[in-house]
Amino acid sequence: MAASTTATSTAHPGEPELLPRSPVTGWLAVVAVMLGIFSIVTTEILPIGLLTDIGAGFTISDGMAGLMMTMPGFLAAIAAPVVTVMTARIDRRLMLCVFMVLLAAANFLAAAAPDYWLVLVSRIVVGIVIGGFWSIGASLAERLVPAASVGRATSVIFSAVPLGSVLGVPAGTLIGDLAGWRAAFIAMGGFTLAVLVMLLIVTPPLPPRRTTRLRVLRGMLTSAATRSALLLTVLIVWAHFGTYTYVTPFLEQVTDVGSRAVTVFLLLYGAAGVLGNFLGGLLVTRHPRATFGFAAGMIAAATLLMPVLGRETAGAIALLVVWGVAYGAVPVCSQTWFTKASPDTPEAASVMFTASFQATISLGALTGGLVVDTGSPSTVMTLGGLTATLTVLAVGVHGARRLTWPDSA
């Protein structure tokens with residue numbers, strides 16, 4: 001069913017809807033927002049490809065190094081509602097630019113940090129940026145392009161997630177392999193400044209159209225569809241990041257490949273993720289339960305089989321491709337579920353999506369780190385696969401109970 005009627009947003013009477021002056025300008029603004037999210041996603045998951053190098057540099061375990069993934073997620077989960085509400089009356093374009101400045105500073109701090117605790121401080125800043133930028137940027141498509149193009153624009157914005165894997169993480173891993181892990185963060189900081197310039201040039205003023213209040217977010221939880229989206233998101237993201245955060249140690253220790261081969265493997269995974277993103281975008285509107293359930297099933301199969309087939313190079317590559325296609329569809333599936341559950345409050349839906357997604361990234365990375373330090377990378381894969389299996393079962397229960405939401409999902 002739709003979100004409760006109490007979950008509404010406050011409109012600003014008489015405020016004109018500001019669209020870019022031309023379709024070209026509108027699409028350039030969409031690309032700028034996409035690149036902003038790309039820089040955020042890449043910065044957030046960059047440590048995955050550099051995990052062992054950073055751990056060796058500070059003489060810490062892989063699990064301790066995994067805190068670089070845990071910190072941003074927890075802060076993002078808090079920042080998503082808090083920052084969005086606190087800045088609700090500030091031009092959204094200005095806020096996007098402020099977040100890019102903070103992200104560049106966080107990357108440069110990580111690159112220069114003499115001690116690991118300063119790296120963690122930089123990751124706290126990254127978490128604040130994730131929560132704020134995602135919550136605002138994910139719902140901007142309808143304000144940047146005509147109504148007929150909103151679906152395509154949303155797919156372009158969300159393509160930043162798999163592109164962060166296909167380009168960002170492998171490129172960062174390659175830079176780290178050639179010039180050291182600090183150089184990867186320096187490069188990311190420079191790229192973020194370039195995105196800032198593009199946002200300033202091509203993005204139109206975006207005064208708040210609706211003001212998101214905390215009561216709006218509380219009201220969303222009265223919807224069965226929102227609670228369903230929340231449960232499925234938590235389960236599948238926990239399964240994914242509890243395992244993928246430690247895929248580099250697995251490939252190095254179990255598959256027994258070198259760091260350059262890991263870069264190639266992650267590149268193939270990311271390329272598959274781009275395909276999964278667009279396939280998910282095409283299918284989720286018509287078949288939301290089937291798309292989400294099939295993606296979760298593919299992740300379950302890939303991670304459960306990884307300790308068995310992933311010992312060989314060919315098996316690891318094949319499973320990473322399956323995994324990449326599956327996870328590429330997850331963000332667009334999750335965001336779509338939250339949006340359809342609360343169609344009248346798109347920014348509030350993005351806040352709920354961001355907070356749940358990021359909090360679970362932290363939980364997944366944290367629990368995976370505990371398992372990998374006390375067990376092995378193979379154990380992490382098995383537990384992640386079982387969690388993904390629970391997602392498939394939850395999708396089935398959702399269908400059996402016929403919990404509905406707007407349209408014909």
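Predicted, not measured: the structure shown is a model, and the values here were computed from it. (Residues numbered from 1 in each chain as written. Predicted model: local features only at pLDDT ≥ 70, side-chain atom pairs only at ≥ 80, totals over all residues. Heavy atoms only, no water.)

Caption draft 1: Summary view of the overall build of the protein. When its secondary structure is counted, the protein shows 17 helices and two strands. The burial tally for the protein puts 58% of its 409 residues in the buried class. Surface accessibility of the protein: about 15100 Å² in total, with carbon and sulfur atoms responsible for 71%. (Helix = DSSP H or I, 4+ residues; strand = E, 2+ residues; numbered from the N terminus. Buried < 20%, exposed > 50% of the residue type's maximum accessible area, 1.4 Å probe, protein only. Areas by Shrake-Rupley, 256 points an atom, 1.4 Å probe, with all protein chains shown as cover.)

Caption draft 2: Representation of the nonpolar core. Counting residues in each nonpolar core, the largest one holds 93 residues, and the members touching the most others are F133, W134, V247, L251 and W323. No other element matches the twelve residues that helix α15 (residues 313-341) contributes to this core. Setting aside anything within four residues of it in sequence, one finds L251 in contact with D256, V257, V262, F265, A316 and L320. Counting residues in each nonpolar core, the second largest holds 21 residues, with L46, A110, A111 and V372 among its members. (Core = buried A, V, L, I, M, F, W, Y, C linked by side-chain atoms within 4.5 Å. Contact = heavy atoms within 4.5 Å.)

Caption draft 3: Expanded view of helix α13 (residues 259-284). For α13, which comprises 26 residues, the first-to-last C-alpha distance of 36 Å matches the rise-based estimate of 38 Å (1.5 Å per residue) to within 8%. Within α13, the full set of buried residues consists of V262, T263, F265, L266, Y269, G270, A272, G273, G276, N277, G280 and V284. (Expected span 1.5 Å × (residues − 1).)

Caption draft 4: Focus on the packing of helix α3 (residues 67-86) against helix α5 (residues 116-137). With their axes 6 Å apart at the nearest point, α3 and α5 run at an angle of 40° to one another. Between α3 and α5, the angle is such that the two are oblique. Crossing of α3 against α5: the hand is right-handed. Contacts from L67, M68, M69, M71, P72, L75, A76, A79, A80, V83 and T84 in α3 reach Y116, V119, L120, R123, I124, V126, G127, I128, I130, G131, G132 and S135 in α5. (Axes fitted to C-alpha atoms, helices over the stretch in contact; angles between N-to-C directions. Parallel < 35°, antiparallel > 145°, perpendicular 65-115°, else oblique. Left-handed = near helix turned anticlockwise from the far one by under 90°.)

Caption draft 5: Fine view of unusual backbone geometry. If you check the backbone angles, D256 has positive phi at about 65° while not being a glycine. Inspection of the secondary structure puts D256 in the loop between α12 (247-253) and α13.

Caption draft 6: Structural detail: the packing of aromatic side chains. This structure, assessed with the given rule, holds eight aromatic pairs. Ring geometry for F58 against Y116: centres 5.7 Å apart, planes inclined by 50°, an arrangement best described as tilted. With F58 in helix α1 (residues 23-58) and Y116 in helix α5, the pair connects residues that are 58 residues apart, well separated along the chain. You can call Y116 buried: its relative accessible area is 11%. With a centroid separation of 5.7 Å and an interplanar angle of 55°, the aromatic rings of F58 and W181 are classed as tilted. With a gap of 123 residues between them, F58 in helix α1 and W181 in helix α9 (residues 181-202) connect regions that are remote in the sequence. (Phe/Tyr/Trp six-rings, centres within 6.5 Å; stacked < 30°, edge-to-face > 60°.)

Caption draft 7: Molecular detail of the confidence of the model for the protein. Scored by pLDDT, the protein comes out at a mean of 80, with 85% of its residues at no less than 70. Element-level pLDDT for the protein is lowest in strand β1 (residues 10-11), with a mean of 40, against a maximum mean of 94 in α9. Low pLDDT, under 50, characterises residues 1-19; the stretch is placed with 54 contacts to residues that sit more than four places away or in other chains. (pLDDT = per-residue confidence, 0-100.)

Caption draft 8: Spotlight on the side chain of T248. Summarising the element assignment, T248 is placed in helix α12. Given a relative accessible area of 1%, T248 falls into the buried group. Aside from chain neighbours lying at most four places away, what touches T248 is I48, G49, T52, V262 and L266.

Caption draft 9: Structural detail: a nonpolar patch on the surface. Taken together, I90, L94, V98 and L102 make up a surface patch of nonpolar side chains, about 280 Å² in accessible area. Along the polypeptide, L102 turns up in helix α4 (residues 92-112). (Patch = residues over 30% accessible without salt bridge, like charges linked within 9 Å, V, L, I, M, F, W, Y side chains within 5 Å. Salt bridge = Lys/Arg side-chain N within 4 Å of Asp/Glu carboxyl O.)

Caption draft 10: Representation of the environment of R227 within the structure. For R227, the position within the fold is in helix α11 (residues 224-244). The sequence separation of R227 and F338 amounts to 111 residues, and the corresponding C-alpha distance is 9.1 Å.

Caption draft 11: Highlighting the environment of L140. Along the polypeptide, L140 turns up in the loop between α5 and α6 (141-144). The buried category is assigned to L140, whose relative accessible area is 3%. Once residues lying within four places of it in the same chain are set aside, the contact partners of L140 are V33, L96 and L206.

Caption draft 12: Representation of the environment of N107 within the structure. Positionally, N107 belongs in helix α4. With a relative accessible area of 1%, N107 lands in the buried category. Placed 85 residues apart in sequence, N107 and T192 show a C-alpha to C-alpha distance of 8.9 Å. Aside from chain neighbours lying at most four places away, what touches N107 is T43, F185, M188, G189 and T192.

Caption draft 13: Seen up close, the side chain of R123. Inspection of the secondary structure assignment puts R123 in helix α5. Within the structure, R123 has its side chain in polar contact with the backbone oxygen of M68 (distance 2.8 Å). If near-sequence neighbours (up to four positions away) are discounted, R123 is found in contact with T43, E44, P47, M68, M69, M71, P72 and F185. (Polar contact = N/O pair within 3.5 Å; in protein donor to acceptor, adjacent residues only side chain to side chain.)

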